[in-house]
Amino acid sequence: MGTMGFTTMYKTAEVTHSLENTRVVDFRSDTISVPTEGMRRAIYQAEVGDDVMGEDPSVNALEKKAAKMFGKEASIFVPSGTMGNLIATMAHCDRRGCEIILGDKSHMLLWEQSGPAQLGGIQMTTVTNLPDGTFSLEEMLTKLRDDSNVHTTTTSLICVENTHNWCGGLPLPLPWMEQLATISRELKIPLHMDGARVFNAALCCDMSVAKLCKDFSSVSVCLSKGLGAPIGSVLVGDKQFITKARRLRKVVGGGWRQAGIVAAAGLYALENMVDRLAVDHSRARTIAEGESDLDYQTISQYNLFHSAQLCIKWCQENCYK
């Protein structure tokens, strides 16, 4: 997709032929999914309260469920993944002038207006993303800085994206994640995961999200990508971290009131929609394997099928043995 603008990338394709007796399938993004009937009933029946005061039972249930699923102490419900990533970086980098390291093709850098820099006074230093979504750990080590030099900032956080949107939707290789975790422990620099589609990664790697994310101090997880919720993300971590994040959520405008209306949809998604992602993966495989029989350029000018093939190739090489 290169430098293609967001508006161009996601615009509705022009249809020049008659749609009579034609079924149109929209592959622009998994964000355009809509709530199921069961989810709509959960929304309608949601018990609500004031979440800023910690009194919304549906929000509390969602946060408890998310924390348990990820094996973390606590979680917080936020309107968007962008807010989740923003307050996560600000909670980890709790003084202005800190630095985070992240890939040069990461969503946090390219598509979130450099929020940590713009709002948190946090320097964003990049390493080159490789085609599989990873980056050279050797290059990363050359970018790390500490308090020993009064002229420089201090590296306070390392961020990854899993699955990696701009690198073909690939799940990060497990051996690479283990090497990164070892470096993180040795240097005492925490790890944050932009896990917008981390449930897809866990399914591909045939493990729980708790196991996949065990070495990460924080994970931001979207409920509206692939899981069908109309809005919302959760940020998970330990209790001290989430306490910081809750205060930061308020200052950036994320203080909910009767948020149980949408939290109920998120809770339904975690309880009912995660397991059915296997159906999505199976259908993506079918599409990719059938692509060779069709006119590739006619199907998609944005290489969507190529991305599906990359995912399948990765799974075949790393998971399905």
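1. Details of the overall build of the protein
So, point 1. Of regular secondary structure, the protein possesses 15 helices and 7 strands.
So, point 2. Sorting the 321 residues of the protein into buried and exposed places 47% on the buried side.
So, point 3. Here the analysis covers contacts within the protein between residues at least 6 apart in sequence; of these, 72% occur between residues at least 24 apart.

2. Some words on the packing of helix α2 (residues 37–44) against helix α12 (residues 260–272)
So, point 1. Two elements in contact, α2 and α12, have axes separated by 8 Å at closest approach and are oriented at 140°. Crossing of α2 over α12 shows right-handed handedness. When α2 is examined against α12, the residues G38, M39, A42 and I43 are found in contact with a partner set consisting of I261, A264, A265, Y268 and A269.
So, point 2. The class makeup of the residues in the contact of α2 with α12 is 8 nonpolar, 1 polar and no charged.

3. A look at the environment of T152
So, point 1. Secondary-structure assignment places T152 in the loop between α7 (137–143) and β4 (154–161).
So, point 2. For T152, a relative accessible area of 28% gives the class partly exposed.
So, point 3. Here the alpha-carbon distance between T152 and G97, two residues 55 residues apart in the chain, equals 9.2 Å.
So, point 4. For T152, the residues in contact, after removing those within four places along its chain, are R145 and D146.

4. Focus: the pattern of salt bridges
So, point 1. Under the definition given, this model contains 11 salt bridges.
So, point 2. Between D50 and R257 there is a salt bridge, with its nearest N and O atoms 3.2 Å apart. Residue D50 is located in the loop between α2 and α3 (57–70), and its partner R257 is located in the loop between α11 (239–251) and α12; the two are separated by 207 residues in the primary sequence.
So, point 3. Among the residues examined, D50 registers a relative accessible area of 14% and is labelled buried.
So, point 4. Across the salt bridge formed by D147 and R95, the nearest N and O atoms sit 3.6 Å from each other.

How each quantity is defined
- Residues numbered from 1 in each chain as written.
- Predicted model: local features only at pLDDT ≥ 70, side-chain atom pairs only at ≥ 80, totals over all residues.
- Heavy atoms only, no water.
- Helix = DSSP H or I, 4+ residues; strand = E, 2+ residues; numbered from the N terminus.
- Buried < 20%, exposed > 50% of the residue type's maximum accessible area, 1.4 Å probe, protein only.
- Contact = heavy atoms within 4.5 Å.
- Axes fitted to C-alpha atoms, helices over the stretch in contact; angles between N-to-C directions.
- Left-handed = near helix turned anticlockwise from the far one by under 90°.
- Nonpolar A, V, L, I, M, F, W, Y, C, P; charged D, E, K, R; others polar.
- Salt bridge = Lys/Arg side-chain N within 4 Å of Asp/Glu carboxyl O.

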